[in-house]
Amino acid sequence: MTINKVMVIGAGQMGAGIAQVFAVSGYDVLLHDANDEALDRGIKGIERRLARDVDKGRMTEDEKNASTLKIKKSTKLDDAGAADLVIEAVIENMDVKTSIFRELDKIAPEHAILASNTSSLPITEIAAVTNRPEKVIGMHFMNPVPVMKLVEVIRGLATADDVFETVKETAESLKKTAVEVNDFPGFVSNRILMPMINEAIYTLFEGVAEPEAIDEVMKLGMNHPMGPLTLADFIGLDTCLYIMETLHEGFGDDKYRPCPLLRKYVKAGWLGKKSGRGFYQYN
């Protein structure tokens, strides 16, 4: 199957990043968001990042302009009727995602592949609300999308081999590395990453060290480019909590129990960089 037109659902940080890498690689892209302001912010973010790439010599002005023209705004889900591949990149909530997939199943062409950028939720469960579970797959990009090379390609229980191969080849056409992963809570990336972040939060919670010290140990001692508490702030503490809850529920193992301090910060609205405060304060 040939992918020509891609629709991305959700114009937040992840969705806009996904739209950007597809457009830069020559695909026709529809960036959808029901919220006009969010859609405008997403487009402006793409334009800002592309302009920065021109300033740094990573692309020409002509390439930037061509990429920008590849992206069209969409506020109607019905626009999925023209897509070969739809990638959902909305809030990490099963009810929201399954509601979108039910609608996409009715709207998207019969040949279209429906993908989710979920970072932890089961693809099989999402696929089950559609009449095309064989064409539903996980396509988990890393943040920030234009920079990070990895895409986890997650097979649901019913995902067809040709659908997997098409999505893998599509990810590789974006100059990404596609890694095949089976459908388990958190997949590979977050099953390993989030418990490490959670343990770093426990280390703070128990008074072992201050945030700066915890991050320095992991950066200088383990050669991590970013400390776990800084990374948690960057991801969003609400997202970290949701993924830990998904792991805890999915495996039924208390080693995945979210740290009480993480819950407290989320309840306080201290969500990390996006809210101005998490384990660190941001101006």
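What counts as what
Residues numbered from 1 in each chain as written. Predicted model: local features only at pLDDT ≥ 70, side-chain atom pairs only at ≥ 80, totals over all residues. Heavy atoms only, no water. UniProt positions renumbered as here; feature names shortened; annotations may be inferred. 1 Å grid on protein atoms, 1.4 Å probe; cavity = no way out; pocket = protein on both sides within 12 Å on 5 of 7 lines; lining within 4 Å. Helix = DSSP H or I, 4+ residues; strand = E, 2+ residues; numbered from the N terminus. Buried < 20%, exposed > 50% of the residue type's maximum accessible area, 1.4 Å probe, protein only. Domains from an automatic or database assignment. Contact = heavy atoms within 4.5 Å. Buried area = accessible area lost by both parts, 1.4 Å probe. Salt bridge = Lys/Arg side-chain N within 4 Å of Asp/Glu carboxyl O. Nonpolar A, V, L, I, M, F, W, Y, C, P; charged D, E, K, R; others polar. Disulfide = S-S within 2.5 Å. Polar contact = N/O pair within 3.5 Å; in protein donor to acceptor, adjacent residues only side chain to side chain. Pairing = 2+ DSSP bridges. Axes fitted to C-alpha atoms, helices over the stretch in contact; angles between N-to-C directions. Phe/Tyr/Trp six-rings, centres within 6.5 Å; stacked < 30°, edge-to-face > 60°.

Visitor: I'm lost on the UniProt feature "binding site: NAD(+)" (unreviewed entry) in the chain in this one. Help?
Guide: Taken from the UniProt record, the annotation "binding site: NAD(+)" (unreviewed entry) applies to G10, A11, G12, Q13, M14, G15, D33, E92, K97, S119, N143 and K274. Among the annotated residues just listed, those that line the largest pocket are G10, A11, G12, Q13, M14, G15, D33, E92, K97, S119, N143 and K274. Mapped onto the secondary structure, Q13 falls in helix α1 (residues 13-24). The class of Q13 is exposed, set by a relative accessible area of 52%.

Visitor: Hey, could you run me through the domain arrangement of the chain in this one?
Guide: Interfaces are frequently sized by the accessible area removed from exposure as the parts join. Structurally, the chain comprises domain 1 (5-182) and domain 2 (190-273). With 10 residues of domain 1 at the contact, the number on the domain 2 side is five residues. Buried surface at the junction of domain 1 and domain 2, summed over both partners, amounts to about 600 Å²; 56% is from carbon and sulfur atoms. Summed over the shared surface of domain 1 and domain 2, the result is zero salt bridges. In the side of domain 1 that touches domain 2, the residues fall into three nonpolar, six polar and one charged.

Visitor: Even after reading the chapter, I still don't get unusual backbone geometry, so can you show me in this structure?
Guide: Glycine aside, negative phi is the norm for most residues, and most peptide bonds take the trans geometry. Cis geometry marks the peptide bond from N143 to P144; its omega dihedral reads 0 degrees. Among the structural elements, P144 can be located in the loop between β6 (136-141) and β7 (150-155). Unusually for a residue other than glycine, F187 sits at a positive phi of about 55 degrees. As for its position among the elements, F187 is in the loop between β8 (177-182) and α7 (189-205).

Visitor: Help me understand the state of the cysteines, please; the structure alone is not making it clear to me.
Guide: A covalent bond between the sulfur atoms of two cysteines is what we call a disulfide. The full count for this structure, using the stated rule, is zero disulfides. Looking at the unpaired C240, the closest cysteine sulfur is the one in C259, lying at 12 Å. Residue class for C259 comes out buried when judged on its relative accessible area of 0%.

Visitor: Mind showing me how you'd approach the UniProt feature "site: Important for catalytic activity" (unreviewed entry) in the chain here?
Guide: The positions that UniProt labels "site: Important for catalytic activity" (unreviewed entry) are, in the present scheme, H140. Positionally, H140 belongs in strand β6. Beyond its immediate sequence surroundings of up to four residues, H140 is in contact with S116, N117, T118, S119, L150, V151, E152, I154, F187, S189 and N190. Reaching out from H140, the side chain makes a polar contact with the side chain of E152 at a distance of 2.8 Å.

Visitor: Would you explain the sheet that holds strand β1 (residues 5-9) in this entry?
Guide: In sheet architecture, strand pairing relies on hydrogen bonds along the backbone and comes in two forms, parallel and antiparallel. Read from one edge of the open sheet, eight strands run β3-β2-β1-β4-β5-β6-β7-β8, paired in mixed fashion. Edge positions in the sheet fall to β3 (71-74) and β8, since each has one partner strand and no second. Taking the axes of each pair of neighbouring strands and ignoring which way they run, one obtains an average angle of 25 degrees across the sheet. Sheet analysis places strand β5 (residues 113-116) next to β6, joined by three bridges and oriented parallel. Looking across to β6, one finds that L114 is bridged to V136. Docked against the sheet, helix α4 (residues 94-107) engages β1, β4 (85-88), β5 and β6, running at close to 170 degrees with respect to β5.

Visitor: Teacher, can you tell me more about the side chain of T98 here?
Guide: As for its position among the elements, T98 is in helix α4. Residue classification places T98 among the buried residues on the basis of a relative accessible area of 7%. Within polar-contact distance, the side chain of T98 engages the backbone oxygen of D95 at 3.2 Å. Apart from the residues within four sequence positions on either side, T98 is in contact with E125, I126 and V129.

Visitor: Mind showing me how you'd approach the packing of aromatic side chains here?
Guide: Each aromatic ring pair is summarised here by two numbers: the centre-to-centre distance and the angle between the ring planes. Per the stated rule, a full pass over the model turns up five aromatic pairs. Here the aromatic rings of Y202 and F205 are separated by 6.3 Å at their centres, their planes lie at 65 degrees, and the arrangement is edge-to-face. Of this pair, Y202 and F205 are both found in helix α7, three residues apart, which corresponds to roughly one turn of the helix. Taking the relative accessible area as the measure of exposure, Y202 reaches 12% and is therefore buried.

Visitor: What is the right way to look at the pattern of salt bridges in this model?
Guide: Side chains bearing opposite charge may pair, as long as their charged atoms lie close to each other. Summed over all chains, the structure comprises 15 salt bridges. Ionic pairing is found between D105 and R132, a salt bridge with its closest N-O pair at 2.8 Å. Taken as a pair, D105 in helix α4 and R132 in the loop between α5 (123-127) and β6 lie far apart in primary sequence, 27 residues in all. On the accessibility criterion, R132 (7% relative accessible area) is buried. Note that E216 is salt-bridged to K219, the shortest N-O span being 3.0 Å.

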